[in-house]
Amino acid sequence: MSNVKLPIYLDYSATTPMDERVAEKMCEYLTIEGQFGNPASRSHEFGWKAEAAVELARKQVADLINADPREIIWTSGATESNNLAIKGAAHFYKKKGNHLITVKTEHKAVLDTTRQLEREGFEVTYLEPEDTGLIDLEKLKAAIRDDTILISVMHVNNEIGVIQDIATIGELCREKGIIFHVDAAQSAGKVKIDLSELKVDLMSFSGHKVYGPKGIGVLYVQRKPRIRLEAQMHGGGHERGLRSGTLATHQIVGMGEACRIAKEEMATENERIRMLRDRLYNGLNDMEEVYLNGDMEQRIAGNLNISFNFVEGESLIMALRDLAVSSGSACTSASLEPSYVLRALGRNDELAHSSIRFSLGRYTTIEEVDYTIELVKKAVTKLRELSPLWDMYKAGVDINSVEWVAH
Amino acid sequence: MAYSEKVLDHYENPRNVGVIDEDNNVGTGMVGAPACGDVMKLQIKVSDNGIIEDAKFKTYGCGSAIASSSLVTEWVKGKTLDEAAEIKNTHIAEELALPPVKIHCSVLAEDAIAAAITNYKEKNQ
């Protein structure tokens, strides 16, 4: 227990440390000693070598998701990929229709983009997920209109880690001739993605969620059937005119290497992480009034999102200063709003406020997990002893029947 | 968010946590709402000569809410009801160096004092 280095990082869904192998590779593409050339320089070896590195990386990313390298467009990250996919498709196909469908629990990079399209005159339906966090296909079907041009559903939710059935949604979209975009920032390297099978037209990826660098991402743009997009960034016509801007060779090489490693190690890594996550869950779940948020089966290995009833989230985070975790309550960001994702699942405010997201990853150890269990139990017990709500619960008072004076 | 030393101290070592058995000389105030993320329960025990001789609290809320209520239990002890009623949220916020987003915690603590005093007075009309 004493040999655990503090604080313990359990926020792999926020970002991952770069794999050493990735960092080493990237360093080869920066200085005068390395391949610093502009991949767009066609007239000399510096450019050719950089271009070759970019194309190798493109293939490494494509291999992870079983796509054609020509379907890979480099961007600055998943946020840009989501913007390019959704705005790009909506603008290009606006003569076909005016309606988009997405889900209330999407990342803000999708929700804020569709809000912008609404300001431009598009109509957007925001589906409510079931209390498991998964969407009901019948409700999705019912939301489809004759003028629906695009459906955007995230593969894995960033807060609760649930995996949507994108295979079935893809079939539905293809049948109806609707473009299907998937935000896969949280699923790449964690869930098998085979784009030769999946009927997905556009898919967003991030480098820094897969032990690669920040500031790099990918948009998969399907070739057959071909999906057209209106570019958001204009300039030198890089990336087949879809995303201008000098390619960041070192970032791209890093994301490629990260994807290569993910492809090779994903299966064994997932097994190890799942074992640790289950150990953590079992260790915490023997306390009273602990609630799991989101479906347990349709969930990535590294995510555990639980609420500790009668304990307020921010004070819990404060007690867990030796852990790097996320709170479902955005109190810490000064907005005092509980998580919109947990609210969309129908969780009440108290449980939404008291949720903690533990996300485990490549460098999480069993010692860290055991230390975490002890620490969380101690903190929850201490805070419950301080909590008037806990006393009321223990005395058999139904907290929902009390008339609270909201302030 | 960075917490002040005083908030951390009260949070780590909260003073006067607990429950006083209900009686005529005890005033209990409970303010806030679970949905808002904080609930404070403050109890005062008043002596025959009108002095608050004991105070206890329980709080569901963030570190600043816990610290505000812990501080208030220290401050009300030894005061008359009128003196305790003069404790304002600005005093609490200043003492704990609360940032603007946490001012509502000090307001809640002031409300808790008022609620406890009201409850005591209702019992002893």
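Q: Requested: an account of the pairing of strand S13 (residues 355-359) of chain A, with residues and values cited.
A: Residues and elements named next belong to chain A. When you tally the buried positions in S13, you get 5 out of 5 residues, the bulk of the element. Inspection of the sheet shows strand S10 (residues 303-308) paired to S13 by 5 bridges, in the antiparallel sense. Looking across to S13, one finds that asparagine 303 is bridged to serine 359. Sheet analysis places strand S12 (residues 326-327) next to S13, joined by 2 bridges and oriented antiparallel. Of the residues in S13, the one forming a bridge with serine 326 is arginine 357.

Q: I'd like a description of unusual backbone geometry, backed by residues and values.
A: If a residue is not glycine, its phi is most likely negative; likewise, a peptide bond is most likely trans. Residue and element names in this part refer to chain A. Cis geometry is found at the peptide bond from leucine 6 to proline 7, where omega equals -10°. Positionally, proline 7 belongs in the segment before strand S1 (8-9). Along the chain, lysine 224 connects to proline 225 via a cis peptide bond; the corresponding omega equals -10°. Counting through the fold element by element, proline 225 comes out in the loop between strand S8 (217-221) and helix H7 (249-285). Phi angles above zero are rare outside glycine, and asparagine 66 is one such case at about 50°. Note that asparagine 66 resides in the loop between helix H2 (45-64) and strand S2 (72-75).

Q: Summarise the packing of helix H1 (residues 5-12) of chain B against helix H2 (residues 63-76) of chain B; cite the residues concerned and give the values.
A: Residues and elements named next belong to chain B. Contact geometry for H1 and H2: axes closest at 8 Å, N-to-C directions at 80°. Here H2 runs roughly perpendicular to H1, going by the angle between their axes. Contacts between H1 and H2 involve Val7, His10 and Tyr11 from the first element and Gly63, Ser64, Ile66, Ala67, Ser70, Leu71 and Glu74 from the second. Residue composition of the contact of H1 with H2, by class: 5 nonpolar, 4 polar and 1 charged.

Q: For the state of the cysteines, give the residues involved together with the corresponding values.
A: Applying the stated criterion to the full structure yields 0 disulfides over all chains. In this structure B:Cys62 is not part of a disulfide, and its nearest cysteine sulfur, from B:Cys105, lies 3.6 Å away.

Q: Can you break down the side chain of A:Asp194 residue by residue, with the values?
A: Residue and element names in this part refer to chain A. In this fold, aspartate 194 is placed in the loop between strand S6 (179-183) and strand S7 (202-206). In terms of polar contacts, aspartate 194 uses its side chain to reach the side chain of serine 196, at 2.6 Å. When residues no more than four places from it in sequence are discounted, the contact partners of aspartate 194 are Ile65 and Asn66.

Q: Break down the confidence of the model for chain A for me, citing the residues and quoting the values.
A: In this model, chain A carries a mean pLDDT of 94, and residues with pLDDT of at least 70 account for 97%. Across residues 330-335 of chain A, confidence stays below pLDDT 50; counting only partners more than four residues off in sequence or on other chains, it has 12 contacts.

Q: Break down the packing of helix H3 (residues 78-92) of chain A against helix H4 (residues 108-119) of chain A for me, citing the residues and quoting the values.
A: Working note: a packed helix pair is described by the angle between its axes plus the distance between those axes. Residues and elements named next belong to chain A. Where H3 contacts H4, the axes come no closer than 9 Å and their chain directions differ by 30°. Here H3 is positioned roughly parallel relative to H4, judged by the angle of their axes. Remark: the crossing between H3 and H4 carries right-handed chirality. Of H4, the residues touching H3 (which contributes Thr79, Asn82, Asn83, Ile86, Lys87, Ala90 and His91) are Ala109, Val110, Thr113, Thr114, Gln116 and Leu117.

Q: Got a sec to walk through the interface of chain B and chain A? Specific residues and values, please.
A: Facing the 31 residues of chain B at the interface are 29 residues of chain A. Taken over both partners, the interface formed by chain B and chain A buries close to 2,500 Å², and the fraction arising from carbon and sulfur atoms is 65%. On the chain B side of the contact with chain A, B:Tyr11, B:Pro34 and B:Tyr60 bury the most area, a combined 27% of that side's loss. At the surface where chain B touches chain A, the tally comes to 3 salt bridges. A salt bridge links B:Glu12 to A:Arg321; the nearest nitrogen and oxygen atoms lie 2.3 Å apart.

Q: Lay out the pairing of S2(A) in plain terms, naming residues and giving numbers.
A: Residues and elements named next belong to chain A. Neither face of S2 is left uncovered, since the one carrying Ile72 and Trp74 and the one carrying Ile73 and Thr75 both have all their residues buried. Here S2 runs beside S8; their pairing, made up of 4 bridges, is antiparallel. Its bridge partner lying in S8, isoleucine 73 is registered against leucine 219.

Q: I'd like a rundown of the packing of aromatic side chains, residues and numbers included.
A: Residue and element names in this part refer to chain A. Overall, the coordinates contain 8 aromatic pairs over all chains when judged by the stated rule. Here tyrosine 211 and tyrosine 363 contribute two aromatic rings whose centre-to-centre distance is 6.1 Å and whose plane-to-plane angle is 80°, an arrangement assigned as edge-to-face. One end of the pair, tyrosine 211, is in the loop between S7 and S8; the other, tyrosine 363, is in the loop between S13 and helix H11 (366-386), and 152 residues separate them in sequence. For tyrosine 211, a relative accessible area of 6% corresponds to the buried category. Tyrosine 363 gets classed as partly exposed once you look at its relative accessible area, which sits at 36%. Site record: aromatic cluster; members linked through ring pairs are Tyr9, Tyr12, Tyr211 and Tyr363. In this structure, lysine 108 is placed above the aromatic ring of tyrosine 340, and the distance from its NZ or CZ to the ring centre is 4.1 Å.

Reading guide: rules and limits
- Residues numbered from 1 in each chain as written.
- Chains lettered and ligands numbered in written order.
- Predicted model: local features only at pLDDT ≥ 70, side-chain atom pairs only at ≥ 80, totals over all residues.
- Heavy atoms only, no water.
- Buried < 20%, exposed > 50% of the residue type's maximum accessible area, 1.4 Å probe, protein only.
- Helix = DSSP H or I, 4+ residues; strand = E, 2+ residues; numbered from the N terminus.
- Pairing = 2+ DSSP bridges.
- Axes fitted to C-alpha atoms, helices over the stretch in contact; angles between N-to-C directions.
- Parallel < 35°, antiparallel > 145°, perpendicular 65-115°, else oblique.
- Contact = heavy atoms within 4.5 Å.
- Nonpolar A, V, L, I, M, F, W, Y, C, P; charged D, E, K, R; others polar.
- Disulfide = S-S within 2.5 Å.
- Polar contact = N/O pair within 3.5 Å; in protein donor to acceptor, adjacent residues only side chain to side chain.
- pLDDT = per-residue confidence, 0-100.
- Left-handed = near helix turned anticlockwise from the far one by under 90°.
- Buried area = accessible area lost by both parts, 1.4 Å probe.
- Salt bridge = Lys/Arg side-chain N within 4 Å of Asp/Glu carboxyl O.
- Phe/Tyr/Trp six-rings, centres within 6.5 Å; stacked < 30°, edge-to-face > 60°.
- Lys NZ or Arg CZ within 6 Å of the ring centre and 35° of its normal.

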